[in-house]
Amino acid sequence: MVTATAAASKLPINVGPLTGLGSFCLYTARALKQFSDLYMEGERPEVVWDLRHVEPTHMSMAGLTAFLSVAHRLRQFTDHAQPARVVWNPEIFAFWDDISLFRISQQYDLLKWPEGIIGGYSPGQTNPNTELLVVPYENVPDRTVNIDYWKTWKDSVRQKFKEDLLLRCGRLFQPSRRSGDFPQELLDNVAVACAELVVNSLLWGRSTAFVGLQRSGKGITVAVCDSGVGFITSIRGQSKLRAMNSKDHAEALAIGAVVNRREYGLRRVINTVIKNGGWVIMSSFDTEIHWKDSLWERAKAGAGRIEESALDLKGLMNAIGSPVRGKPTLDDRESGYCKAWDYGLRGTRITFEIPLSTGGRF
């Protein structure tokens, strides 16, 4: 544990193995809170990212995407890139090169690598169906000034990102000997779901969106992460939801998941993923919800078939149950669960996976 005095100059943050969202939160949230506390006291701590514990083939795209999002947020409070501690490993470095981590780090001046350490590896040797993307937060219109223009802008951004995604990452959806053809309707729904999550980060999170995509032998995995205002602030900023006055992040996540019935939104994203045998993890600050078929159906039933302004919040939260603290049980992992952390991460992180074995049921 770094003392407050030492942290005023250097604050090492161990990112852990980056095996998932939960792993990244577990390893970094407490130190990031220390950074915030010191900054509020007038200190200017320099974060040093410790990446020495990642291992080849064990890193998840969700963990890497969340890491870049947080590094981008902290970069706003410094006048230079944040130093990174690494152990040179050709497998790790080739993977980071292949998925554009080095390029994004340089483009946004996020990380300062040890002198001369990048090189000596052969890129293009890892899974080509893996990519990191960034959608900057810029030129977002004010919803209260012109609602019609705001809606038009939202639809155009969603469509543009979907087209860019299919153009830049089309190989994710190409047939392979291992998984066969990728159903066209499933392709479209994955792309639209990803685009919707990006639009949510820009509009409601008011933050740059970081996107991680991967196709493996198991399925398609998508992670969209931002370090914006989070679900509670987003919900309180929407007039039709303000009356619900969610008291904690669990309620805010649950409301955000089920509330939108009429338009393409998060509810439809989750429905699409669950319908195809997949799962969704939503995370904001100190809470995350793991949506699987059983929990998702209970939550929708608990919320009731009524308008947003009269959503049955008590029924919804009773259906979800009390947040798990510590390690979830096997039953929790099978059916879905809500989890609370001692320390949280600013912003919103949503990841989903659709197994290719489903054949794209619609």
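The structure presented is a predicted model; accordingly, all values stated were derived computationally and were not measured.

1. Focus: helix H13 (residues 313-320)
Of all eight residues making up H13, six are buried, and the element is well covered by its neighbours. Among all positions of H13, only Leu 313, Gly 315, Leu 316, Met 317, Ala 319 and Ile 320 are buried. Looking at the buried positions of H13, the neighbouring elements they touch are helix H10 (249-258), strand E8 (279-291), helix H12 (293-303) and strand E9 (336-355). Once H13 finishes, Gly 321 follows within two positions and takes phi at roughly 90°, a positive value.

2. Some thoughts on the sheet that holds strand E1 (residues 10-14)
The sheet built from four strands is open, its strands ordered E1-E2-E3-E4 with parallel pairing. A single partner strand is all that each edge strand has here, and the edge strands are E1 and strand E4 (111-112). Where strand E2 (residues 46-50) and strand E3 (residues 82-85) come together, two bridges link them in parallel fashion. Residue pairing for E3: Trp 49 is matched across the bridge by Ala 84. Each of E1 and E2 is contacted by helix H2 (residues 21-40), which is oriented at about 160° to E1, the strand it contacts most.

3. Some words on unusual backbone geometry
One non-glycine residue, Asn 139, adopts positive backbone phi at about 55°. Looking at where Asn 139 falls in the secondary structure, it is placed in the loop between strand E5 (130-135) and helix H6 (147-168). The exposure class of Asn 139 is exposed, given its relative accessible area of 70%.

4. Overview of the sheet that holds E9
What links the strands of a sheet is backbone hydrogen bonding, and the strands pair in either a parallel or an antiparallel sense. The five strands lie next to each other as E5-E6-E7-E9-E8, forming an open sheet whose pairing is antiparallel. The sheet terminates laterally at E5 and E8, the two strands that pair on one side only. With direction set aside, neighbouring strand axes in the sheet form an average angle of 20°. Of the pairings in the sheet, the one linking E8 to E9 comprises twelve bridges and is antiparallel in character. Residue Ile 289 lies in a different strand from E9, and its bridge partner there is Cys 338. Strands in contact with helix H7 (residues 184-203) are E5, strand E6 (209-215), strand E7 (219-226) and E9; relative to E7, the strand with the most contacts, it is inclined by about 10°.

5. Considering the pairing of E6
Taking burial as the measure, the seven residues of E6 include six buried ones, the bulk of the element. The sheet contact formed by E6 and E7 spans six bridges and is antiparallel. Bridge pairing in E7 links Leu 213 to Val 222. What sits between the antiparallel neighbours E6 and E7 is a turn of three residues.

6. Thoughts on the packing of H12 against H13
Two elements in contact, H12 and H13, have axes whose closest approach is 7 Å; the angle formed by their N-to-C orientations is 160°. Relative to H13, the element H12 lies roughly antiparallel. The crossing of H12 and H13 is right-handed. Contacts between H12 and H13 involve Leu 295, Arg 298, Ala 299, Gly 302 and Ala 303 from the first element and Gly 315, Leu 316, Ala 319 and Ile 320 from the second.

7. Let's talk about the pattern of salt bridges
Working definition: two side chains of opposite charge can pair if their charged atoms are close together. Throughout the structure, instances matching the rule amount to ten salt bridges. One salt bridge in this structure joins Glu 196 and Arg 158, with 2.7 Å as the shortest N-O distance. One end of the pair, Glu 196, is in helix H7; the other, Arg 158, is in helix H6, and 38 residues separate them in sequence. Of the two residues, Glu 196 and Arg 158, both sit in the buried class. In this structure, Asp 164 engages Lys 160 in a salt bridge whose closest nitrogen and oxygen atoms are separated by 2.9 Å. On the criterion of helical spacing, the pair formed by Asp 164 and Lys 160 is a turn pair, its members being four residues apart in helix H6.

8. Remarks on the environment of Phe 67
With respect to the secondary-structure elements, Phe 67 resides in helix H3 (residues 61-75). Residues Phe 67 and Val 15, spaced 52 residues apart in sequence, show a C-alpha to C-alpha distance of 7.8 Å. Residues in contact with Phe 67, not counting those within four places in the same chain, are Val 15, Leu 18, Phe 24, Trp 49, Leu 51 and Leu 111.

Calculation criteria
- Position numbers for residues count from 1 along each chain, tracking the sequence in the order it is written.
- Side-chain atom pairs in this predicted model are given and counted only at pLDDT of 80 or more, local residue features only at pLDDT of at least 70, and totals for whole chains, interfaces and linings cover all residues.
- The side-chain numbers reported here are obtained from all heavy atoms of the structure, hydrogens and water having been left aside.
- Per-residue accessibility, obtained with a 1.4 Å probe over protein chains only, is compared with the maximum for each type, and a residue is labelled buried under 20%, exposed over 50%, and partly exposed between these values.
- Comment: elements are numbered from the N terminus, with helices defined as DSSP H or I runs of at least four residues and strands as E runs of at least two.
- The contact definition used throughout considers only heavy atoms, calling two residues in contact when any of these lie within 4.5 Å.
- Whether two strands pair comes down to DSSP finding at least two bridges between them.
- Think of each axis as a best-fit line through the C-alpha atoms, taken over the contacting stretch in the case of a helix, with angles from 0 to 180 degrees between the N-to-C directions.
- Note on angle classes: values under 35 degrees are labelled roughly parallel, values over 145 roughly antiparallel, values of 65 to 115 roughly perpendicular, and the remainder oblique.
- Should the near helix be turned counterclockwise from the far one by less than a right angle, the crossing is left-handed, whereas a clockwise turn marks it as right-handed.
- Between Lys or Arg on one side and Asp or Glu on the other, a salt bridge is scored when a side-chain nitrogen of the former is within 4 Å of a carboxyl oxygen of the latter.

Just distances and angles here, no functional claims.
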